[in-house]
Amino acid sequence: MIISSQPNLAGSATTTTTTTITSAHVSQEGSMPLPLPVPVTIPLPIAGTCNCGAVGVGMGMALGARQCPSPAVDPTTATATPTSTTPGRDSLTRPASESELNVGTGTSGTSSSGGNSRPGHRKSSLALALTPEDEPMDVYQRNLMDLKYPTVLPPNPPLKALLVFHKSDSICEAITAACQRHQLDVTLVKSKEEALDTLQKSYATAQCYHLIIIDARSSKNLDAEHIARTIRHTHGHHLTTIIAVCKKSFFEKDDVLIALLDAGVNRCVAETTNLAMCSVELKQILHSIIRPHNVMSTQQALYTALHRLKEVVLITDDLLRIQYANRATERLLNMRLDEIISKQLEDIFVSDLSTISEQCKNIKEFDGILTVRRKSQEGIPMHVRVVPVACIGSAPTHLIFNFDVPGGQMDFIATLPQPKEAPRGSLHSVRRCSFDVRSIASDGLRRTSLAKLTSLPLEAPITKIINLLSQVQENCSADEARLIDKVLEFLKREGLYSPQMKEIRTDDPIATDLIGALLTGPSVYSSRRSSNDSIIRTGSSTRTAAIVPAKMKSNPIIMELLDESLSWDFDIFKLEEITDYHPLLYLGMEMFRRFDVFATLNIDENVCKAWLAVIEAHYRKSNTYHNSTHAADVMQATGAFITQLTNKDMLVMDRMEEATALIAAAAHDVDHPGRSSAFLCNSNDALAVLYNDLTVLENHHAAITFKLTLGDDKINIFKNLDKETYKSARSTIIDMILATEMTRHFEHLAKFVSVFGGEEPRDHNPQTDEETSILMRRMLIKVADVSNPARPMQFCIEWARRIAEEYFMQTDEEKQRHLPIVMPMFDRATCSIPKSQIGFIEYIIQDMMHAWESFIDMPQLITYMQINYSQWKKYDEQGVNTLAEIMAKQPPVGKMANSK
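How each quantity is defined
- Every residue gets a number counted from 1 within its own chain, in the order that chain's sequence is written.
- It should be noted that, the model being predicted, local features are given only for residues of pLDDT at least 70 and side-chain atom pairs only at 80 or more, the latter also being counted only at that level, while totals for whole chains, interfaces and linings use all residues.
- Side-chain calculation: all heavy atoms of the structure are included, whereas hydrogens and water are not.
- By definition, any uninterrupted DSSP run of H or I lasting at least four residues is a helix, any uninterrupted run of E lasting at least two residues is a strand, and each is numbered from the N terminus.
- When a residue's accessible area, from a 1.4 Å probe over protein chains only, is under 20% of the maximum for its type it is buried; when over 50% it is exposed; and in between it is partly exposed.
- Contacts are assigned to residue pairs that have any heavy atoms within 4.5 Å of one another.
- Computed by Shrake-Rupley with a 1.4 Å probe, the accessible areas treat only the displayed protein chains as cover when residues are assessed.
- Every axis corresponds to a line fitted to the C-alpha atoms, with the helix fit spanning only the stretch in contact, and the corresponding angles, defined between N-to-C directions, vary from 0 to 180 degrees.
- Here a crossing is taken to be left-handed if its near helix is turned anticlockwise relative to the far helix by less than a right angle, and right-handed if that turn runs clockwise.
- UniProt positions are given in the numbering used here, feature names are shortened, and annotations may be inferred rather than shown by experiment.
- Within 3.5 Å is the distance limit for a polar contact, defined as a pair of N or O atoms, with the added protein rule that one can donate a hydrogen and the other accept it, and that residues adjacent in sequence qualify only through two side-chain atoms.
- At least two bridges found by DSSP between two strands are what make those strands a pair.
- Throughout this description, the term nonpolar core refers to a set of buried Ala, Val, Leu, Ile, Met, Phe, Trp, Tyr and Cys residues connected via side-chain atoms within 4.5 Å.
- Note on aromatic pairs: the rings of Phe, Tyr and Trp (six-membered ring only in Trp) are paired at centre separations within 6.5 Å, and the planes decide the class, stacked below 30 degrees, edge-to-face beyond 60, tilted for the rest.
- A ring is considered to have a charge above it if a Lys NZ or an Arg CZ atom is located within 6 Å of its centre and within 35 degrees of its normal.
- The predictor rates its confidence in each residue with pLDDT, a number between 0 and 100.
- If you view a crossover with the strands going away from you and the path from the first strand over the helix to the second runs clockwise, you call it right-handed.
- In this scheme, a helix's expected span is set at 1.5 Å multiplied by one less than its residue total.
- Roughly parallel refers to an angle under 35 degrees, roughly antiparallel to one over 145, roughly perpendicular to one between 65 and 115, and oblique to any angle outside these ranges.
- Here the nonpolar group is Ala, Val, Leu, Ile, Met, Phe, Trp, Tyr, Cys and Pro; Asp, Glu, Lys and Arg are the charged ones; every other residue, Gly included, is treated as polar.
- By salt bridge we mean one thing: a side-chain nitrogen of Lys or Arg within 4 Å of a carboxyl oxygen of Asp or Glu.

1. A short note on the overall build of the chain
Counting secondary structure elements, the chain contains 33 helices and 16 strands. Within the chain, the proportion of its 900 residues that are buried is 53%. Partitioning the intrachain contacts of the chain with sequence separation of at least 6 by distance along the chain shows that 71% fall at a separation of at least 24. Carbon together with sulfur atoms contributes 53% to the accessible area of the chain, which is approximately 39600 Å² in total.

2. Observations regarding the packing of helix α18 (residues 583-594) against helix α20 (residues 605-617)
For the pair α18 and α20, the least separation of the axes is 9 Å and the interaxial angle reads 145°. As α18 runs across α20, the sense of the crossing is right-handed. Within the contact between the two elements, α18 uses Pro583, Leu584, Leu585, Gly588, Met589 and Phe592 and α20 uses Glu605, Cys608, Lys609, Trp611, Leu612, Ala613, Ile615 and Glu616.

3. Let's talk about the UniProt feature "binding site: AMP" (unreviewed entry) in the chain
On the UniProt side, "binding site: AMP" (unreviewed entry) is annotated at positions that read His626, Asn627, Ser628, Thr629, His630, Asp669, Asp785 and Gln837 here. Position of Asn627 relative to the elements: it lies in the loop between α20 and α21 (628-647). Not counting residues within four places of it along the chain, the set of residues in contact with Asn627 comprises Tyr619, Arg620 and Arg802. Within the structure, the side chain of Asn627 is placed 3.1 Å from the backbone nitrogen of Thr629, a separation counted as a polar contact. Checked against the element boundaries, His630 lands in helix α21. We classify His630 as buried; its relative accessible area is 0%.

4. Observations regarding the sheet that holds strand β5 (residues 160-164)
Reading across the sheet, the five strands line up as β6-β5-β7-β8-β9 and stay open at both edges, with parallel pairing between neighbours. Among the strands making up the open sheet, the edge pair consists of β6 (185-189) and β9 (267-270). Adjacent strand axes in the sheet meet at a mean angle of 20°, parallel and antiparallel pairs treated alike. Summarising the sheet, β5 and β6 pair through five bridges and their orientation is parallel. Its bridge partner lying in β6, Ala161 is registered against Val186. Set on the sheet, helix α4 (residues 224-232) makes contact with β5, β7 (211-215) and β8 (241-246); between it and β7 the angle comes to about 160°.

5. A closer look at the nonpolar core
Core analysis: the largest hydrophobic core is formed by 115 residues, its most contacted members being Leu584, Phe592, Trp611, Met635, Phe641, Trp852 and Trp872. The dominant element in this core, judged by the number of residues it contributes, is helix α30 (residues 833-856), at 13 residues. With residues up to four places along the chain from it excluded, the contact list for Trp611 reads Phe592, Ile663, Ala666, Thr705, Thr709, Ile715 and Ile717. Of all hydrophobic cores here, the second largest spans 26 residues; its members include Leu314, Ile322, Ile340 and Leu345.

6. Side note on the sheet that holds strand β12 (residues 366-373)
One open sheet holds the five strands; their spatial order is β11-β10-β14-β13-β12, and the pairing between them is antiparallel. The open sheet has two free edges, formed respectively by β11 (322-325) and β12, since each of these has just one partner strand. The sheet shows a mean angle of 30° between the axes of neighbouring strands, taken without regard to direction. Relative to strand β14 (residues 398-404), strand β13 (residues 379-389) runs antiparallel, the two sharing seven bridges. Bridge pairing in β14 places Pro388 opposite Leu399. Sheet strands touched by helix α10 (residues 354-361): β12, β13 and β14. Its angle to β12, the strand with the most contacts, is close to 145°.

7. Some details on the pairing of β13
Most of β13 is tucked away, with eight of its 11 residues classed as buried. Across eight bridges, the pairing between β12 and β13 is antiparallel. Among the inter-strand pairings, Phe366 is bridged to a residue of β13, identified as Val386.

8. Section: unusual backbone geometry
Located in the positive-phi region is Leu320, a residue other than glycine, with phi close to 65°. Notably, Asn684 is not glycine yet its phi reads approximately 55°, a positive angle. Following the sequence through the fold, Asn684 ends up in the loop between α23 (677-682) and α24 (686-690). With relative accessibility at 61%, the residue Asn684 sits in the exposed group.

9. Section: the packing of aromatic side chains
Within this structure, the stated rule accounts for 20 aromatic pairs. Geometrically, the ring pair formed by Phe349 and Phe403 is stacked, given 5.8 Å between the ring centres and 5° between the ring planes. With a gap of 54 residues between them, Phe349 in the loop between α9 (337-340) and α10 and Phe403 in strand β14 connect regions that are remote in the sequence. Here Phe349 matches Phe403 in class, with each residue buried. Of the aromatic side chains, those joined through ring pairs into one cluster are Trp568, Phe641, Phe752, Phe756, Trp852 and Phe855. Positioned above the aromatic ring of Phe679 is the side chain of Arg675, whose terminal nitrogen or guanidinium carbon lies 5.6 Å from the ring centre.

10. Remarks on the environment of Asp785
Residue position: Asp785 is located in helix α28 (residues 766-785). At 3.2 Å, the side chain of Asp785 forms a polar contact with the side chain of His668.

11. Describing the confidence of the model for the chain
Overall, the predicted model of the chain reaches an average pLDDT of 74, with 67% of residues at or above 70. Confidence drops under a pLDDT of 50 for residues 521-552, and excluding neighbours within four residues, the segment shows 130 contacts in the predicted structure.

12. Things to note about the pairing of β5
Among the five residues that make up β5, five are buried, leaving the element largely enclosed by the rest of the structure. Every second residue of β5 is oriented toward a common face, with Lys160, Leu162 and Val164 on one face and Ala161 and Leu163 on the other, all of them buried. Where the polypeptide runs from β5 across helix α2 (residues 170-181) and back to β6, its parallel neighbour, the crossover connection is right-handed. Here β5 pairs with β7 via four bridges, running parallel. Within the sheet, the bridge partner assigned to Leu163 lies in β7 and is Ile213.

13. Considering α30
Between its first and last C-alpha, α30 extends only 30 Å over 24 residues, short of the 34 Å set by a 1.5 Å rise per residue. Burial within α30 is extensive, with 20 of its 24 residues counted as buried.

14. Thoughts on the packing of α21 against helix α22 (residues 655-667)
Running from N to C, α21 and α22 cross one another at 155°; their axes reach a closest spacing of 8 Å. The angle between α21 and α22 falls in the class roughly antiparallel. As for how α21 packs across α22, the hand of that crossing is right-handed. Counted together, Ala631, Val634, Met635, Thr638, Gly639, Ile642 and Thr646 of α21 and Glu658, Ala661, Leu662, Ala665 and Ala666 of α22 form the full contact between these two elements. The residue makeup of the contact of α21 with α22, split by class, is eight nonpolar, three polar and one charged.

15. A closer look at the pattern of salt bridges
Within the structure shown, the criterion is met by 26 salt bridges. Across the salt bridge formed by Arg744 and Glu747, the nearest N and O atoms sit 2.8 Å from each other. Ionic pairing is found between Arg817 and Glu813, a salt bridge with its closest N-O pair at 3.1 Å. Within this structure, Asp169, Asp215, Arg217 and Glu271 form a network of salt bridges that share partners.

16. Focus on the side chain of Asp215
Looking at where Asp215 falls in the secondary structure, it is placed in strand β7. According to the relative accessible area criterion, Asp215 is buried, its value standing at 4%. Within the local environment of Asp215, its side chain forms a polar contact with the side chain of Arg217, the two groups lying 2.7 Å apart. Look past the residues within four positions of Asp215 in its chain and what remains in contact with it is Val164, Phe165, His166, Leu222, Ala224 and Val245.

17. Considerations on the environment of Thr397
Mapped onto the fold, Thr397 is located in the loop between β13 and β14. With a relative accessible area of 21%, Thr397 lands in the partly exposed category. Setting aside chain neighbours within four positions, we find Thr397 in contact with Thr316, Asp317, Asp318, Val389, Ala390, Cys391 and Ile392. Within the structure, the side chain of Thr397 is placed 2.9 Å from the side chain of His398, a separation counted as a polar contact.

Laid out in structure tokens, this is it:
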């Protein structure tokens, strides 16, 4: 395998003495080599040549390459640094000594092509010894950690600099002159928009700016922090060097400099008009930042080579935690990469690893037989070689494992059962959500979950079937049990979970009104308790987004509160108050930052900020419950759930799925009209007519989300996604928003419990895995949507007050307009708030929270739910029924509570 810095690699010719190698052209006798980029020795070697004519990975034994009779190059003298005669590149190289230019035997100081080099091109070459007699005898006795290898030369095109200054003043002119002195091609732009447009055009034309210098002296003229962060999120510029020119007074303020560095700036320099000082500073930047960045860019070639190898390569740290695994490792272990990385090595080996640890601590290689544990299969004995590597210092920091297939069968791994793999570079290759049910469901969850299903006040016929089959399965043979498992898999498909009403106590008006309204359709004047379908005022008007508030960091109180934004005890009402009723904007930006949504969508932060502002503007402040505070609360719960899944190593969502889940949570109730779907149907509202009385509000929320987003390029957060990715993201968002419709609540719950309550692992099936992923996302947003009873008590009571007030307004309007009353119990004159909450928890929340907590392992959900349930019971026993009586016993929460 040959790794070249340019694609036009010609064939190599060998002579009896030397072989001349350049990065762009391997010359034959008498030919003229192309320019050789700057050589820099990097810790990990790449390629080398041996006298048998084979070209292979230069790690040799470390990567398990077949050993040839002689090494590729004398490790002590094989690094040559040629002299550059190109004026603009002197700062990145040094002159080569005569001894460095004459490596090998049979040479007299000239390379095979030295006499024909063209003016302006490097004249040196690297000659590699080809015979074992030319190598020092002790080279074979050295430890592998002491050897040096041929290097992959970094790219070295003419350097380009982009200067972002709002005006061309004396400081800008000095920096421009310094860049020109060092032969940098300089482009000057005067605004953020012009800078981003220039970068996009350079990327489209396969060009690159190596150095970007931003004027950070005044945020009024240019927001350097925002520009730097945006550049980091732009394709092809993650290794671009960014310099911020600051006022001298800034160096006395750590917070200003830290903010710039956190935004992606590599170095902050003080303003000066002294050309000599600018030139010296620039020279240091070229040597200490740009050159290492060029070296780092070669790592992609290394990782690509490793990933394409047929040999199994695995790298751990000194604590035997897996840091890297190539594609062959995935195939051997029958596991995806996200399941392998960060695992302890003992999790994939049956054999004892203590010998490896001891030998590697003493910088000794290990060579022996170990039994590898494949996922859900028997162990396989493998010949394993382990090489310690010290990246820093003398103690080993990493261990390189190379596996030999049994008996040298190169197609052995291909004969093993393999999971279906998505093409690299596609959306599904990021981390497609195909996961093992047993790895995320607690042992015994199926029996307990099925018992819960039996106790539900409603059930679907499919639930009875699953219960009966599970009972039969407990008393049958293994073969029969497997057949029943297959039957159960067929039953876990769409269309088999339509729930029907069980018999409910007729003396319980809460259950009759609430549960009946939730389950049945609009023809029976249904309602639902979810956020997507409740009361709202009439008289919507066209409105535009308000001006985006000042930067969040300008208010330390907001920033301090947002530091706890992933805590389940987060005070959303305090955020509502201190942001002047813009909680969705501030919390949304914080969630997008924490989950790297800007980079995932490849979008500018300001676009996301404008999108959140527009979405929040379309939540109606007149609603006591279904407003932007509720949307922010659901988004916060979604972020907390995603974090918990990650902390538990339950990698069931990739980055795009995390981003779309947060977007769906933010927009799931946008433009809610303040009334339930049943009310809209009963009143022949235009939305009910438009959507044929079917899932009216949820369809409207999803439709208006994309109408607003796609209707204005300034807020289109999807505009930089390719068609396939956008289609998948849109599908996910719509599906999650529609899942909050409560008439299918028990269907989703029954299927979730039956699928994730399995005791036996299932074979990976792409279609089944995708279905379970969809089901998990639906349950995530459903729980987040109605999580109020599982919040701390003061928040639970405030949410109950707000939703009750909305329902009261709907009932008032139904009476006024002589419409059918969807929920008669929500009459402000007769309603008992504790009874409504008790019924809601008993019939809707309790079983769902238990099932979700068993999946995600968040015991605080159950703890708070039980505390709140007990408190509502206590109020009911004490005869505390009205909102006024309840609020009199509670501390005020937020401005709205204070005003009541």
